[in-house]
Amino acid sequence: MLDLEVVPERSLGNEQWEFALGMPLAQAISILQKHCRIIKNVQVLYSEQTPLSHDLILNLTQDGIKLLFDAANQRLKVIEVYDLSKVKLKYCGVHFNSQAIAPTIEQIDQSFGATHPGVYNAAEQLFHLNFRGLSFSFQLDSWNEAPKYEPNFAMGLASLQIPHGAMVKRMHIYTGNNLQDTRAPAMPLACFLGNVYAECVDVLRDGAGPLGLKLRLLTAGCGPGVMTDAKVRSLERSIYFGDSCQDVLGALGSPHKAFYKSEDKMKIHSPSPHKQVPSKCNDYFFNYFTLGVDILFDSTTHLVKKFVLHTNYPGHYNFNIYHRCDFKIPLWDQIQELLGHPMEKPVVLHRSSSANNTNPFGSTFCFGLQRMIFEV
């Protein structure tokens, strides 16, 4: 059974790892993979129909914990403990929930102190006791008790009437005072780990098509002794088609990985593919996983010839390899009309790995438009 420290408005974790609000999805999954012998049976839950309208959830079924990530920025928004019988919980080093200590209203009051009057939700039949960045939901035993806990009862001091021995059914950790209105905070310093992240990426373009990328980067101090006074720094970098390897390395630093292409599945759709002379060398990518960007270089000239921007879409073949790239493409009226009506039918792209030739996520469509390809 996991034994975890609760830090209101911040995190849930222990000495080995911590799920912190604002943490990117990929980091949370990395923790789960690293500790897979202890944390088992994890589900990834998302909406296939409207994935941006519903939170992306990691459900730790064995431990009764849900991690809710904002669908748009994929940072941790809410930590929910929905089954307190499966986990030990402590606050400031002292347990308030374990096999020996029941999480009753009296125990919560003793561990966390005074707070505002609670709120009864008739639809859920739950009584919510809220602290800043932390809330507890209590189950009421019967319908007969419900009228006493209406918000207007006793001038709103309904929490004074909660039955003795009432047990916590759920606990939430979040940012701010209101669980319903909470948003995922900015990524905390502890999550940078020496990496550079992209706050946003603007596609630079003119009337003919894209020219390059302008990246607003976030970085924090790294190295021994720096974290004590480290601050998040923001900087802008631009890279263009035709830039050299050295230009890109100078702007973005070393890539996480360099990948040499073994084949080009889109080559057949280029003009006169039969006339292209086979190259003795392969084009190669610089993979920037925390930026959500790949940069393709020509094997002969070593100049930039393509950018790949990843949305880290749930259900995509490459899901969780890249952090989400929050990119923006400026559109004019004429181009918006074109976007609504692609000039040609899409190309169907089938992905499979050499080790395992099955792809559970199926195929995708590639629409070409003004020197841009949109994979859908």
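Please read all numbers here as calculations on a predicted model, not as lab measurements. (Residues numbered from 1 in each chain as written. Predicted model: local features only at pLDDT ≥ 70, side-chain atom pairs only at ≥ 80, totals over all residues. Heavy atoms only, no water.)

Asker: Mind showing me how you'd approach the overall build of the protein chain here?
Answerer: Per the secondary structure count, the protein chain includes four helices and 24 strands. Split into buried and exposed, the 376 residues of the protein chain put 40% on the buried side. In the protein chain, the share of contacts with a sequence separation of at least 24, taken over all contacts with a separation of at least 6, comes to 53%. When the accessible area of the protein chain is evaluated, it comes to approximately 21100 Å², of which 54% is carbon and sulfur surface. (Helix = DSSP H or I, 4+ residues; strand = E, 2+ residues; numbered from the N terminus. Buried < 20%, exposed > 50% of the residue type's maximum accessible area, 1.4 Å probe, protein only. Contact = heavy atoms within 4.5 Å. Areas by Shrake-Rupley, 256 points an atom, 1.4 Å probe, with all protein chains shown as cover.)

Asker: Would you mind going over helix H3 (residues 245–252) with me for this structure?
Answerer: Counting along an α-helix, one turn takes 3.6 residues, and residues three or four places apart therefore face a common direction. Those residues of H3 that fall on the buried side of the exposure criterion are Cys245, Val248, Ala251 and Leu252. Take H3 and look down its axis: the buried residues cluster within an arc of 135°, on one side only. For H3, the exposed residues set more than 90 degrees away from the buried face come down to Gln246 and Gly250. Buried residues along H3 sit against strand E15 (209–220), strand E16 (232–240), strand E18 (284–288), strand E19 (293–297) and strand E20 (304–309). One or two residues past the end of H3 sits glycine 253, with phi positive at roughly 85°. (Arc of directions from axis to C-beta.)

Asker: Before we go on, may I ask you to explain the sheet that holds strand E21 (residues 327–328) in this structure?
Answerer: Two pairing modes exist for strands in a sheet, parallel and antiparallel, and in both the strands are linked by backbone hydrogen bonds. Read across the open sheet, the four strands follow the order E16-E15-E14-E21; overall the sheet is mixed. Both edges of this open sheet fall to E16 and E21, since each of them pairs with a single strand only. Both strand E14 (residues 197–206) and E21 contribute to a ladder of two bridges, which runs parallel. In the sheet register, aspartate 202 faces E21, and the bridge partner there is lysine 328. (Pairing = 2+ DSSP bridges.)

Asker: Before we go on, may I ask you to explain the packing of aromatic side chains in this structure?
Answerer: Two aromatic rings, taken as a pair, are described by how far apart their centres are and by the angle between their planes. Under the definition given, this model contains 14 aromatic pairs. Each ring, one from phenylalanine 112 and one from phenylalanine 131, has its centre 5.7 Å from the other, and the planes form 45°; the classification is tilted. In this pair, phenylalanine 112 sits in helix H2 (residues 105–112) while phenylalanine 131 sits in strand E11 (residues 126–131), placing the two residues 19 residues apart along the sequence. Judged by relative accessible area, which is 14%, phenylalanine 112 ranks as buried. Every member of this aromatic cluster is reached through a ring pair, and the members are Tyr91, Phe96, Phe112, Phe131 and Phe136. Between lysine 66 and the ring centre of tyrosine 82, over which it is positioned, the NZ or CZ distance is 5.4 Å. Of note, arginine 371 hangs over the ring of phenylalanine 241, and the distance from its end group to the ring centre comes to 5.8 Å. (Phe/Tyr/Trp six-rings, centres within 6.5 Å; stacked < 30°, edge-to-face > 60°. Lys NZ or Arg CZ within 6 Å of the ring centre and 35° of its normal.)

Asker: I would appreciate a short explanation of the environment of glutamine 107 in the present structure.
Answerer: Along the chain, the position of glutamine 107 falls in helix H2. With sequence-adjacent residues up to four places away left out, glutamine 107 is seen in contact with His95, Phe96, Ile101 and Ala102.

Asker: I'm lost on the sheet that holds strand E2 (residues 11–13) in this one. Help?
Answerer: The five strands are arranged E3-E2-E1-E8-E9 in an open sheet whose pairing can be described as mixed. Of all strands in the sheet, those with a lone pairing partner are strand E3 (18–20) and strand E9 (94–97), marking the two edges. Along the sheet, successive strands turn relative to each other by an average axial angle of 30°, direction set aside. Inspection of the sheet shows strand E1 (residues 2–7) paired to E2 by three bridges, in the antiparallel sense. Bridge assignment links valine 7 to a residue of E2, and that residue is serine 11. Across the sheet, H2 touches strand E8 (87–91) and E9, and the angle it forms with E9 is around 155°. (Axes fitted to C-alpha atoms, helices over the stretch in contact; angles between N-to-C directions.)

Asker: Got a minute to help me understand the side chain of asparagine 312 in this structure?
Answerer: Positionally, asparagine 312 belongs in the loop between E20 and E21. Of the polar contacts made by the side chain of asparagine 312, one reaches the backbone nitrogen of asparagine 320; its length is 2.7 Å. A polar contact is formed between the side chain of asparagine 312 and the backbone oxygen of tyrosine 322, at a distance of 3.5 Å. Beyond its immediate chain neighbours, meaning those up to four positions away, asparagine 312 contacts Leu25, Gln74, Asn318, Phe319, Asn320, Ile321, Tyr322, His323 and Arg324. (Polar contact = N/O pair within 3.5 Å; in protein donor to acceptor, adjacent residues only side chain to side chain.)

Asker: Any chance you could explain H2 here in plain terms?
Answerer: Those residues of H2 not exposed but buried are Ile105, Gln107, Ile108 and Phe112. Angular distribution of buried residues about the axis of H2 spans 160°; they occupy a single face of the element. Backbone geometry just downstream of H2 places glycine 113 in the positive-phi region, at approximately 85°.

Asker: Where do I start with empty space enclosed by the protein in this structure?
Answerer: Any empty space left between atoms is shown by rolling a water-sized probe over those atoms. For the structure shown, the criterion picks out one cavity of 30 Å³ or more. Here the largest cavity is characterised by a volume of approximately 60 Å³. In terms of lining, the largest cavity is formed by Tyr46, Pro51, Leu52, His54, Asp55, Leu56, Asp70, Ala71, Gln74, Tyr313, Pro314 and Arg324. Here the residues of the lining of the largest cavity are counted per class, giving seven nonpolar, two polar and three charged. Each of two domains, domain 1 (2–174) and domain 2 (192–375), supplies a minimum of three residues to the lining of the largest cavity. (1 Å grid on protein atoms, 1.4 Å probe; cavity = no way out; pocket = protein on both sides within 12 Å on 5 of 7 lines; lining within 4 Å. Points joined across faces, edges and corners; volume = space filled by probe spheres on them. Nonpolar A, V, L, I, M, F, W, Y, C, P; charged D, E, K, R; others polar. Domains from an automatic or database assignment.)

Asker: Please explain the pairing of E9 as it appears in this structure.
Answerer: Sheet analysis places E8 next to E9, joined by three bridges and oriented antiparallel. The partner of tyrosine 91 across the bridge, within E9, is valine 94. In sequence, E8 turns back onto E9 through a hairpin of two residues, with cysteine 92 there showing a positive phi of about 55°.

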